[in-house]
Amino acid sequence: MFKAIKNVFTRKADMKKLRESELRYRTLFEGTSEGIIVADSKTTKYVFMNPAICDMMGYTKKEMLNNSLLDSHPKDQIEIVKSHFDKQASGEIKTARDIPFLRKDGSVFYADVNSSFLKIDGRHCAIGFVRDISDEKKAKEALNAVLRDLEEANQDLQRFVYIASHDLQAPLRRISFYSERVQSKMNGSDEKSKDHIQRVMNSSSRMLQLIDDLLKYSRIRHVGEEEELACMRWMVSNALADLEVDIREAEAEIHISTHCVEKCKPNIKVSKSYLRTVIQNLVSNALRYKRKGVKPVIEIDCVKKDGFVQVSIKDNGIGFDNKYKDRIFEPFQRLQSKDEYKGTGIGLAICKKIIDHYNGEILVESKEGEGSTFTVRLPQYEPDGQGEN
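Remember, predicted model here, so these are calculated numbers, not experimental data.

Asker: Account for helix 7 (residues 232-242), naming residues and giving values.
Answerer: All of the buried residues along helix 7 are Met-232, Arg-233, Met-235, Val-236, Ala-239 and Leu-240. Taken end-on, helix 7 shows its buried residues confined to a sector of 160°, consistent with a single buried face.

Asker: Give a detailed account of helix 4 (residues 78-89), specifying residues and quantitative values.
Answerer: Here helix 4 contains 12 residues, and its C-alpha end-to-end distance of 16 Å stays within 8% of the 16 Å for a straight helix at 1.5 Å per residue. Those residues of helix 4 not exposed but buried are Ile-78, Val-81, Phe-85 and Gln-88. Across the axial projection of helix 4, the buried residues extend over an arc of 85°, all falling on one side. Exposed residues pointing more than 90 degrees away from the buried face of helix 4 are listed as Glu-79 and Asp-86. With its phi angle positive at about 85°, Gly-91 sits one or two positions after the end of helix 4.

Asker: I'd like to hear about the confidence of the model for the chain, residue by residue, with values.
Answerer: Per-residue pLDDT for the chain has a mean of 80; in total, 79% of the residues score no lower than 70. By mean pLDDT, the top-scoring element of the chain is strand 12 (residues 371-379) (93), and the lowest-scoring one is helix 1 (residues 2-31) (53). Note on residues 1-6: pLDDT under 50 across the span, and zero contacts to partners over four residues away in sequence or across chains.

Asker: Requested: an account of the sheet that holds strand 5 (residues 123-132), with residues and values cited.
Answerer: With respect to topology, five strands assemble into an open sheet ordered 2-1-5-4-3, the strand pairing being antiparallel. Each edge of the sheet is formed by a strand with only one pairing partner; in this case those strands are strand 2 (46-49) and strand 3 (95-102). Adjacent strand axes in the sheet meet at a mean angle of 35° when their direction is disregarded. Relative to strand 5, strand 1 (residues 35-40) is paired through six bridges, and the arrangement is antiparallel. In the sheet register, Ile-36 faces strand 5, and the bridge partner there is Phe-129. Taken strand by strand, helix 4 contacts strand 3 and strand 4 (108-120), and its axis lies near 145° from that of strand 3.

Criteria and thresholds
- Residues numbered from 1 in each chain as written.
- Predicted model: local features only at pLDDT ≥ 70, side-chain atom pairs only at ≥ 80, totals over all residues.
- Heavy atoms only, no water.
- Buried < 20%, exposed > 50% of the residue type's maximum accessible area, 1.4 Å probe, protein only.
- Helix = DSSP H or I, 4+ residues; strand = E, 2+ residues; numbered from the N terminus.
- Arc of directions from axis to C-beta.
- Expected span 1.5 Å × (residues − 1).
- pLDDT = per-residue confidence, 0-100.
- Contact = heavy atoms within 4.5 Å.
- Pairing = 2+ DSSP bridges.
- Axes fitted to C-alpha atoms, helices over the stretch in contact; angles between N-to-C directions.

Right, dumping it as structure tokens:
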């Protein structure tokens, strides 16, 4: 008898736990904002659903129970939807993405659907977890539209720069050509007239150089088309070889650290021609902006640090106030007079644009009257997990 009573109490306790468990799951099922729907795998008729999917579809629960999976999608896309669900059933994919659902009012919304398959009351069922992505899809489409407009604007700008530059170069060359003709016939002219002609020629030459630099700057957006593996030390050696005449004419001393002359494996992925341009620009600036009466001394070091390969170029030139260290990388920004030091003020902007493209950085520290140190840092590339500086 006691055993029977104990069994009764045990069954009551089990029933209570079962009801509590059922209540918890029902609360989760009905309270979630994600749509949940259960359908008979054979007939595709809906067996159960939560309030969230009813709200998404615009039907009452009773109306939903009279529908099937095939009623919930646009007729012209049923085969595509079925293909996605078949792939889920076979385990080929876990999530069916961008699935179109047809609301009661005829409008369409898109959702990602995660499905599971189980047996309920003796019949095979599919349970789908539906997440409405309509807002995400609209935001993505809006972003893509903006990106397309931006790309078109960039292409228009490229065409404008090329055409404008070409149209400007032709008359400037004619001005330069006829100025030289006039100058050659001014043997008996006064010095003032000669000076005026020389100024015209200098301005024409500088404008041509400015246009050429502007074209170079506008074309840098295509640097990624030439990416290849390279070694920073090798790039430094080649850039210096190209500047051999300039270095000799400036009577400069070049001190290269042992890190830059040892052999190395390719450790960066870049456009070699553009990186050579960067190094040449920095060394050329070190030669150009020298102090009067002081022999140029340039120190170059290559190291590997914190996942980056970097080259530092230090000079003993005129330097500048360190508060301008960001400004000098902007196009056409000059800290010195163009009459005293040649240049268009776009060289460092070109360097920065190239290095930025490769997720690197170009830094500078300077002191007026003592010199500057420019450092170029590029992400290290080591496909075999090993490498050298």
